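Structural overview
One-letter residues, chain by chain:
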Amino acid sequence: MPVEIERKFLVKPERLPSSGSHTTMSQGYIDSSGPVVRIRITGENDCFLTIKGPTQGMSRSEFEYPIPIDDGREILAKLCRQPLIEKTRHLIQHGSHVWEVDIFTGDNEGLIVAEVELDSEGESVELPSWVSIEVTQDPKYTNAALAQRPFSQWSAEEKSDGLTSV
């Protein structure tokens, strides 16, 4: 069974290095009471259906399949809750890991989150100076939660909580 193991951190934007590699993404979530079902368009022509199980620690089941781009656009428009998640993903090498840094736009503008995928929950990772507090266990930072309650709806205290903690 495919398993996703990742840690997630808020980012200190003033310390973030520039990256030459980036991709725009638009993704939506189909309402369900069970697994998370996501449709993601990456760039102009790549589209994926992803099903994720419940998170246990830093891990969860993840199944991802390519689907036709026209089907993905229609699913995003007709079946996914709104607003969609809009972001640009930057890939930044740090130590022995490639970090995915998501700079959100739209209703989540102002939020920047970095994720690092691991081979095991016990794997050590060198933290870059540009990360702030870890939010791996905080469900409000999942993309599915941000689709339900975008960053623009958070209180000023909620928005500054992680940025002033480190």
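Here we summarise the structure given alongside this text.

Thresholds applied
- Residues numbered from 1 in each chain as written.
- Predicted model: local features only at pLDDT ≥ 70, side-chain atom pairs only at ≥ 80, totals over all residues.
- Heavy atoms only, no water.
- Buried < 20%, exposed > 50% of the residue type's maximum accessible area, 1.4 Å probe, protein only.
- Helix = DSSP H or I, 4+ residues; strand = E, 2+ residues; numbered from the N terminus.
- Arc of directions from axis to C-beta.
- Salt bridge = Lys/Arg side-chain N within 4 Å of Asp/Glu carboxyl O.
- Phe/Tyr/Trp six-rings, centres within 6.5 Å; stacked < 30°, edge-to-face > 60°.
- Core = buried A, V, L, I, M, F, W, Y, C linked by side-chain atoms within 4.5 Å.
- Pairing = 2+ DSSP bridges.
- Lys, Arg positive; Asp, Glu negative; His and termini not counted.
- Polar contact = N/O pair within 3.5 Å; in protein donor to acceptor, adjacent residues only side chain to side chain.
- Contact = heavy atoms within 4.5 Å.

Further remarks concern helix H1 (residues 69-78). Within the sequence span of H1, burial applies to Ile 69, Gly 72 and Leu 76. Within H1, the buried residues cover an arc of 60° as seen down the axis, which keeps them to one side. Residues of H1 that are exposed and point more than 90 degrees away from the buried face comprise Asp 70, Ala 77 and Lys 78.

In total, this model carries 13 salt bridges according to the counting rule given. Among the salt bridges present, the one from Lys 8 reaches Glu 115, with a minimum N-O distance of 3.3 Å. On the criterion of sequence distance, the pair formed by Lys 8 in strand S1 (residues 3-11) and Glu 115 in strand S8 (residues 112-117) is long-range, its members being 107 residues apart. Residues Arg 81 and Asp 31 are paired through a salt bridge, measuring 2.5 Å at the closest nitrogen-oxygen approach. Taken together, the residues Arg 81 in the loop between H1 and strand S6 (85-94) and Asp 31 in the loop between strand S2 (22-30) and strand S3 (36-42) connect sequence positions 50 residues apart. Classification of Arg 81 by relative accessible area gives buried; the value is 15%. Overall, the relative accessible area of 51% leaves Asp 31 in the exposed class. Taken together, the salt bridges that share partners define one network made up of Glu 4, Lys 52, Arg 60 and Glu 62.

Turning to the packing of aromatic side chains, a few remarks are in order. Enumeration according to the criterion identifies four aromatic pairs in this entry. Taken together, a centroid distance of 5.7 Å and an interplanar angle of 55° make the contact between Phe 9 and Trp 99 tilted. Remark: Trp 99 occurs in strand S7 (residues 97-105) and Phe 9 occurs in strand S1; sequence separation between them is 90 residues. Overall, Phe 9 belongs to the buried group, its relative accessible area being 2%. For Trp 99, a relative accessible area of 0% translates into the label buried. A centroid spacing of 5.2 Å and a plane angle of 80° characterise the contact between Tyr 141 and Trp 154, whose relative ring orientation is edge-to-face. Taken together, the residues Tyr 141 in the loop between strand S9 (131-134) and helix H2 (143-148) and Trp 154 in the loop between H2 and helix H3 (156-161) connect sequence positions 13 residues apart.

Let us now look at the nonpolar core. Formed by 14 residues in total, the largest nonpolar core has its most connected members in Val 11, Trp 99, Val 101, Ala 114, Leu 118, Trp 130 and Val 131. Broken down by secondary-structure element, the contributors of at least two residues to this core are S1, S7 and S8. Among the nonpolar cores identified, the runner-up in size contains 13 residues, and Tyr 29, Val 113, Leu 146 and Phe 151 belong to it.

Turning to unusual backbone geometry, a few remarks are in order. Going from Gln 82 to Pro 83, the amide bond is cis rather than trans, its omega being 5°. Tracing the backbone through its elements, the reader meets Pro 83 in the loop between H1 and S6.

What follows covers the pairing of S3. By the criterion of burial, S3 is predominantly enclosed, with six of the seven residues buried. Note that S2 and S3 share six bridges and pair antiparallel. Residue pairing across strands places Gly 28 opposite Ile 39, the latter belonging to S3. Hairpin geometry of S2 and S3 is characterised by an intervening segment of five residues between the two adjacent antiparallel strands.

This brings us to the side chain of Arg 40. Within the fold, Arg 40 resides in strand S3. Buried and unpaired, Arg 40 has Glu 64 as its nearest opposite-charge partner, separated by 4.9 Å. In this structure the side chain of Arg 40 is engaged in a polar contact, spanning 2.6 Å, whose partner is the side chain of Gln 27. The contacts of Arg 40, once residues within four sequence positions are left out, are Met 25, Ser 26, Gln 27, Asp 46, Cys 47, Phe 48, Lys 87 and Arg 89.

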